Amino acid sequence: MNASWSHPPPPGTESYGYAHAPAYHPVQVRQSFNQPAISYQITAPIQPKPTEQPAQKKKIDWPQPVRDYVQRSFDPSNVLADVDRKDMEDKLKVTISEATDNNTLHTIDWANLPLPQHVIRQERATAAAAIAWQRESVNMQQMAGSSFMNPAREQMLKSKKRKSQDIGDAADDESKSIPPWRATNPRNGFEDRITYPADRFDKRQQPLQDDALKGTSKFNKALEKRQKRFDGGYKSTYKASPSPEPSSGPVIGTCQTLEKQYFRLTAPPIPSQVRPEHILRQTLDLLKKKWKKEGNYSYICDQFKSMRQDLTVQRIKNEFTVTVYEIHARIALEKGDLGEYNQCQTQLKALYDQNLGGNPVEFKAYRILYFIHTSNRTSLNDVLADLTTAEKGEPAIKHALNVRSALALGNYHRFFRLYLDTPNMGAYLMDMFVVRERLAALSNMCKAYKPNVKLRFVTEELGFESDGDAAQFIYDHNGQFLLEERESGLVFLTGDAKQIFETAKVAAFSKVDIKGQI
Amino acid sequence: MDLIFGDFRKFYEVGDGYGLAQTLSPISPPSQPERLRNFYRSTNFQNVQKDFKYQILYDNSAPFKLPADEGNGWVEVYVAYWKAVGEIQIAEAAANSGHKASWMKVYEAWKELTNMLHRGYMNCNFGSWTIPCLYVVGKYLRVFAIKADEGAASSQAVSATFQDDFNPDSEKNEKLEDAARQLNRIFNLCLSDRASLEESRKWGIYNIINLLFKTYFKLNSISLSKNILKAIRAYRGDMPPLESFPLAHQVTFKYYVGVIYFLEENYVESEKNLTEAWTLCHKDSIRNKELILTYLIPCHLLTTHTLPTLALLSPYPRLQKLFLPLSRCIKKGDLSGFDAALIAGEDEFVKRRIYLTLERGRDVALRNLLRKVFIAGGFEDAKEPGAPQVRKTRVPVAEFGAAISIGSKETMDNDEVECLLANMIYKNLMKGYIARDRGIVVLSKGGAFPGTGV
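By the naming in an unreviewed UniProt entry, chain B is Protein CSN12 homolog, taken from Glarea lozoyensis. Database annotation for chain B, UniProt heading Sequence similarities (unreviewed entry): "Belongs to the CSN12 family."

In the nomenclature of an unreviewed UniProt entry, chain A corresponds to SAC3/GANP/THP3 conserved domain-containing protein from the organism Glarea lozoyensis.

This is the structure:
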């Protein structure tokens, strides 16, 4: 933990982890920390605690090591030109009073504690580094120059440097695929209406963000995370720090560019970078064409996310909003990106509740299938509670409900009939759990049928396309010894299967893990 | 003012925490309907601080003297309470005259009271015997939050976000989520008290946990309850055992834990906790017993395949309506009747989150039907006179199929019948195997339907 705290991680390299984080994190104006990072190698914490100081002032007999430490600090040979005396004195005072408050006066190894001027210099370097990372132009040698750094620390910096090199390489790769005018002059004129494949995870060049704040936000996050853990974690993160009050009322966008890369907001949106609805409508048409022609999912997903963001910041909630989410949901479904699909689905539910049009029946059916997949009983119950009698009669919803009840009762026969006859895009969702249901059905059959059944029967009962597929499935789960060639055709020796499908079934049911799902 | 502070002194002197807590109730007692109104009118914004200070700290007629920090802490608490009472009266007056009441302000004022009380424990040495005050304040914090959210839903409060998507849930339950956070603070206040057990706020923990559970259930964030249980488990070494807490706290806690397990389909643990709650529950709290049985009965159906007796249900007309139709069908093995009863009760079952569990009772109904077929098959011809009779254990699938088709009032093909039979065998409701080639089921000679006597 400490190691990762001693430097704010370079935002570019670690933002992967948050690619699916659902919300923005308010960036707090720094208040109590002088620098974005604190070196924990120093035994005494160095944050100033102004409120506590006066109360703790009392006559203290300073131990000799402390006196020596102070003396060394003021020794002319140790004075650093770039740290002025006032700052140094303050730091010294803080260090010692902290030690007094914490009763560590006698335990700290004063002889080896970095001098205050060095601490200050290091903090500055760290802060500078945080900014430098963003600009990808850091010169490590300068930072590593300080003499007090221990080998481990230097090692750390070196490894970071390697990373920065990696970033450089990546940027080079990119510049090969992107014409120079785009690289230097983004969002200008017509060139922008043509797009090149964009990596949706590439968030290094975030134009809207203050570099220094970024570092802080990272640090705050760590703090918030710790706090969250501490107080039981009830969503305290989003409310705990006072967020900068955005100007009242929704933003009205003025951006005329059709395409826009997605970035998570950390500050109030800027109207010139937000596209108004009539532009977004054109964007949607463009994206639909591109998806058909190119099928580049990471590009499409990124574009849709930025569209959703523009809609949200402008508080546009209408039939067009529904269409955007529906299309994104369908594409995500087709590509098996359940995390993204789930985000869209959650929004769609709220939008349908407001009767804004769209295809509520289709998506409510998906929602049921989705919760079957995630084995989310609580949500399944809520879905049942929300459905009206009329909706329960709709073919797609009825199908999904039948799937649910067939599984609840272990009626695999009916389940696989339903699987072969799924309306709309529900099959993409059912494909997600059909394997585990086949395993469940097989372990069921293996216990109930003796001594064997025809392979043909397995094929038909479990909705396989052919005997070959069924045999392959059994093979894939190490059941090759259960297939036997007879005069009447292949038979499946259910009586000899013992626990193999049961074990596979338990394993298959235990791992339903979806990115972006709460 | 005199009334309330008279009570304050009275209860403080004897150390009656529950009595003290009543002086912070937002509702006038029936015996004194004007109590809160008079209390609010007895002072004003300008003088409230000074007046209360006099009452709590400097009144020489008081039989005891409070230490300054503790006294000042209580002054702040009662000032906040006085302001909250003011907001409540405004809201109630508005509601009575048909205007829109602003429960939002009531909530904020009450939250301030909660904060003051919290501060009192943190900084002003409030004694642990006063923790019932936390119960009362926590209880109404939740109540006012719900009212505030109800009001906000219609006015569609504009909350600023930088989020990529709207967050429909937090817009709907903004204050209640906030209340959950405040309750969580109180939870930690109790949990982390390091004073010795006799003096500890830990004795308040289960009451607060129950409030939190209640809130999480309402927010549909039941998973958060797990965090609480984890925290409690981590501290269990320092915690008095659950048995030494007031029975009321125990029963509610066990009930919620039972329901949490129930929703996770851990019916064994659920049954254990619910049964404990059931036995500890006060014999006259019909409503609570009814709630416990709502989950205990379905639990029992799945774990032991037994149905509630009429005698058990007789004091609870609501439960009779809920469970009797299904029970009858299960007993008779009436599949179509079971399906109809499930559909008829669906809304109610879903609301109580027992639908998905009850649905699985169909297995028991099917078992009973198949058992009838088995019994109707009669006995093998005796090989020699006087030998014990043996039931026919080879039953054609078609016979079961006929029974199911009659029972469910739709024709079912043999493959599906076999599928249902396979399920029965897999779930150990029936012992035997299907010989598909010959189209028969070979049942076990010793107990084809375990636990049913045949």
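(A) Region of interest: the overall build of chain B. Looking only at helices and strands, one finds 22 helices and three strands in chain B. Counting over 454 residues, chain B shows a buried share of 54%. Looking at chain B alone, contacts between residues at least 24 apart form 64% of all its contacts between residues at least 6 apart. Carbon and sulfur atoms make up 53% of the accessible area of chain B, which totals about 21000 Å².

(B) Geometry of the sheet that holds strand β1 (residues 453–454) of chain A. All names here are of chain A. Ordered by their spatial adjacency, three strands build an open sheet running β1-β3-β2, and the pairing between neighbours is antiparallel. Each having just a single partner strand, β1 and β2 (483–486) make up the two edges of the open sheet. The pairing of β1 with strand β3 (residues 489–492) spans two bridges and is antiparallel. For Val453, the partnering residue across the bridge sits in β3 and is Phe492.

(C) Structural detail: the confidence of the model for chain A. All names here are of chain A. The pLDDT averaged across chain A works out to 72; a share of 63% of its residues lies at or above 70. In the predicted structure, residues 1–57 sits below a pLDDT of 50 and forms 123 contacts with residues beyond four places in sequence or in another chain. Low confidence marks residues 134–215, where pLDDT is under 50. Its contacts with residues over four positions away, or in another chain, come to 106 contacts.

(D) Expanded view of helix α4 (residues 48–58) of chain B. All names here are of chain B. Turning to α4, its buried residues number three or more, namely Val48, Phe52, Gln55, Ile56 and Leu57. Angularly, the buried residues of α4 cover 165° about the axis, an arc narrow enough to put them on a single face. If you follow the buried residues of α4, they end up packed against α1 (2–14), α3 (35–41) and α5 (68–96).

(E) Spatial organisation of the interface of chain B and chain A. The interface of chain B with chain A comprises 54 residues on the first partner and 61 residues on the second. Taking both sides of the interface into account, the surface hidden between chain B and chain A amounts to around 5200 Å²; carbon and sulfur atoms contribute 52%. Taken together, the links from chain B to chain A amount to five salt bridges. Across the salt bridge formed by B:Glu416 and A:Arg414, the nearest N and O atoms sit 3.2 Å from each other.

(F) Broad picture of the packing of helix α21 (residues 426–448) of chain A against helix α22 (residues 414–426) of chain B. The geometry of α21(A) relative to α22(B) is characterised by a closest axis approach of 8 Å and an angle of 80° between their N-to-C directions. Comparing the axis directions of α21(A) and α22(B) gives the class roughly perpendicular. Taking contact as the criterion, the partners of A:Ser443, A:Asn444, A:Lys447 and A:Ala448 in α21(A) are, on α22(B), B:Ala422, B:Asn423, B:Ile425 and B:Tyr426. Broken down by class, the residue content of the contact of α21(A) with α22(B) amounts to four nonpolar, three polar and one charged.

(G) Expanded view of the packing of helix α16 (residues 317–332) of chain B against helix α17 (residues 335–344) of chain B. All names here are of chain B. Their axes nearest at 8 Å, the elements α16 and α17 cross at an angle of 165°. Taken together, α16 and α17 sit at an angle that is classed as roughly antiparallel. As α16 packs across α17, the resulting crossing turns out to be left-handed. Here Pro325, Leu326, Cys329 and Ile330 of α16 come into contact with α17, specifically with Gly337, Phe338, Ala341 and Leu342. Residue composition of the contact of α16 with α17, grouped by class: seven nonpolar, one polar and no charged.

(H) The sheet that holds strand β3 (residues 440–443) of chain B, seen in detail. Residues and elements named next belong to chain B. With antiparallel pairing, the three strands of this open sheet are ordered in space as β1-β3-β2. The strands lining the two open edges of the sheet, one partner per strand, are β1 (394–396) and β2 (432–435). When the angles between neighbouring strand axes are averaged without regard to direction, this sheet yields 25°.

(I) Layout of the confidence of the model for chain B. Residues and elements named next belong to chain B. Averaged over all residues, the pLDDT of chain B is 88; the fraction at 70 or higher stands at 95%. The secondary structure element of chain B with the lowest average pLDDT is helix α8 (residues 168–172), at 66, and the one with the highest is helix α13 (residues 267–280), at 94. Low confidence marks residues 155–160, where pLDDT is under 50. Its contacts with residues over four positions away, or in another chain, come to eight contacts.

(J) Fine view of helix α13 (residues 297–313) of chain A. All names here are of chain A. Helix length check: α13 (17 residues) gives 24 Å between terminal C-alpha atoms against 24 Å at 1.5 Å per residue, within 8%. Summarising burial for α13: 16 of the 17 residues are buried, a large majority. Arg315 sits one or two residues past α13 and shows a positive phi near 50°.

(K) Inspection of the pattern of salt bridges at higher detail. All names here are of chain A. Inspection of every chain in the model, using the stated rule, returns 39 salt bridges over all chains. For the salt bridge of Glu460 with Arg456, the shortest nitrogen-to-oxygen distance reads 3.3 Å. A residue pair is termed a helical-turn pair when its members lie 3 or 4 positions apart in one helix, as Glu460 and Arg456 do in helix α22 (residues 455–461) at four residues. The partly exposed category is assigned to Glu460, whose relative accessible area is 39%. Accessibility expressed as a relative area gives 42% for Arg456, which makes it partly exposed.

(L) Here's a closer look at the pairing of β3(A). As paired elements, β2(A) and β3(A) share four bridges and run antiparallel to each other. Looking at the pairing, A:Glu484 lines up with A:Val491 of β3(A).

Cut-offs and rules
Just so you know, the residues in each chain are numbered from 1, in the order the chain's sequence is written. Note on labels: chains are lettered from A, ligands numbered from 1, in written order. Only residues with pLDDT of at least 70 get local features here, since the model is predicted, and only at 80 or more are side-chain atom pairs given and counted; chain-wide, interface and lining totals rely on the full set of residues. Where side-chain values are given, they derive from all heavy atoms of the structure, hydrogens and water being excluded. UniProt positions are given in the numbering used here, feature names are shortened, and annotations may be inferred rather than shown by experiment. The secondary structure listing takes helices from DSSP runs of H or I that are at least 4 residues long and strands from runs of E that are at least 2 residues long, numbered from the N terminus. Burial classes: relative accessible area under 20% of the type maximum marks a residue as buried, over 50% as exposed, and values in between as partly exposed (1.4 Å probe, protein chains only). When checking whether two residues touch, look at their non-hydrogen atoms; a contact exists if any pair is within 4.5 Å. Residue-level accessible areas treat just the shown protein chains as cover; the underlying method is Shrake-Rupley with a 1.4 Å probe. For two strands to be treated as a pair, DSSP must find no fewer than two bridges joining them. Scored from 0 to 100, pLDDT reflects the predictor's confidence in each residue. The arc in question is the one spanned by the directions pointing from the helix axis to the C-beta atoms. Buried area is calculated as the accessible area (1.4 Å probe) missing from two parts once they are joined, with the contributions of both summed. Within this document, salt bridges are pairs made up of a side-chain nitrogen of Lys or Arg and a carboxyl oxygen of Asp or Glu, the two lying within 4 Å of each other. With axes taken as lines fitted to C-alpha atoms, and helix axes fitted only over the stretch in contact, angles between N-to-C directions fall between 0 and 180 degrees. Each angle is binned into one of four classes, with values under 35 degrees roughly parallel, values over 145 roughly antiparallel, values of 65 to 115 roughly perpendicular, and all other values oblique. Classes in brief: Ala, Val, Leu, Ile, Met, Phe, Trp, Tyr, Cys and Pro nonpolar; Asp, Glu, Lys and Arg charged; the others, Gly included, polar. Crossing handedness is read from the near helix: turned anticlockwise from the far helix by less than a right angle, it gives a left-handed crossing, and turned clockwise, a right-handed one. Helix span is expected to be 1.5 Å times the residue number reduced by one.

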